[in-house]
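# Examining the three-dimensional arrangement
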Amino acid sequence: MKRLMILCSLILLVRQADAQTNYYLSPVKVDSMVSVSLPKDVVKYDTLGQKTLSGNGTYGSMLVIKVANPKSKPVKNESGLDEVFNNYINNLQKSLPDADVLNPHDTVIGKLKARDFILQVDSGSGVQSRHIALVYTKDVTYTFEYLYDDYRKELADGEAKAFFGSIKVSDDLTTASQYIIVSPGFFTPLIQLIMAALILAIIIGVIVILRRKPEFG
């Protein structure tokens, strides 16, 4: 009997460790370009212009929203992209005036620039936090949210990292997919090669001209 109890305890410990490591998340395609890992009991809604996926994890709930962007307002440059991120956060705060925005910062998901922040609100029964990663492209906007009660933060951290770390974006999506003007930078390898070729051509031209110059004496 004692051995059986020890064996059962070991099995429970292994299952608990496995749950803390994997959180029972499975890869799900948001579309052909983006995927993320969600609980197996994921609920999907697909309406005109918007797709929603949600599921309850061990310590918090996860939500993914894909919304089509209006075609009449393309983002022209990186500053315009920052404005999109800022407007999203400002509108979110207006809808939840008692909420606080914590640690807003830029991050990278795949080759895309994204905005990461936490929206914290006291619901009356305790503080709740929504960790949000916002990804904008010319065609659609993706939001990835992890909602948890703040008193469970230490337990939820691992599951949140597993969720956000599982976001996969196609290599075909780059900053060129986010705004119109993409500055390659003055000193990229291609620019350096072109500059070197131009300088070499100028040097050769000067040498040829000097050699052809008639001598007087």
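Model, not experiment: these values are computed from the prediction.

Next up on the list: the pattern of salt bridges. Opposite charge on two side chains makes pairing possible when the charged atoms of those side chains draw close. What the rule picks out here adds up to nine salt bridges. One salt bridge in this structure joins Arg 130 and Glu 145, with 2.9 Å as the shortest N-O distance. A residue pair is termed long-range when its members are at least 10 positions apart, and Arg 130 in strand β8 (residues 127-136) and Glu 145 in strand β9 (residues 140-149) qualify at 15 residues. Note on Glu 145: relative accessible area 7%, which makes it buried.

One number sums up the size of the largest pocket: a volume of about 320 Å³. Lining of the largest pocket is provided by 17 residues; of these, Glu 83, Val 84, Asn 87, Tyr 88 and Tyr 136 occupy positions nearest its centre. Of all elements in the fold, only β5 (61-68), α2 (78-95) and β8 reach the threshold of two or more residues within the lining of the largest pocket. The biggest single contributor to the lining of the largest pocket is α2, with six residues.

Now for the pairing of β9. With eight of 10 residues buried, β9 lies mostly within the body of the structure. The sheet contact formed by β5 and β9 spans eight bridges and is antiparallel. Following the sheet pairing, Lys 66 is matched in β9 by Tyr 142. Taken together, β8 and the strand that follows it, β9, pair antiparallel across an intervening segment of three residues.

Calculation criteria
- Residues numbered from 1 in each chain as written.
- Predicted model: local features only at pLDDT ≥ 70, side-chain atom pairs only at ≥ 80, totals over all residues.
- Heavy atoms only, no water.
- Salt bridge = Lys/Arg side-chain N within 4 Å of Asp/Glu carboxyl O.
- Helix = DSSP H or I, 4+ residues; strand = E, 2+ residues; numbered from the N terminus.
- Buried < 20%, exposed > 50% of the residue type's maximum accessible area, 1.4 Å probe, protein only.
- 1 Å grid on protein atoms, 1.4 Å probe; cavity = no way out; pocket = protein on both sides within 12 Å on 5 of 7 lines; lining within 4 Å.
- Points joined across faces, edges and corners; volume = space filled by probe spheres on them.
- Pairing = 2+ DSSP bridges.

That's the geometry; what it means functionally is another story.
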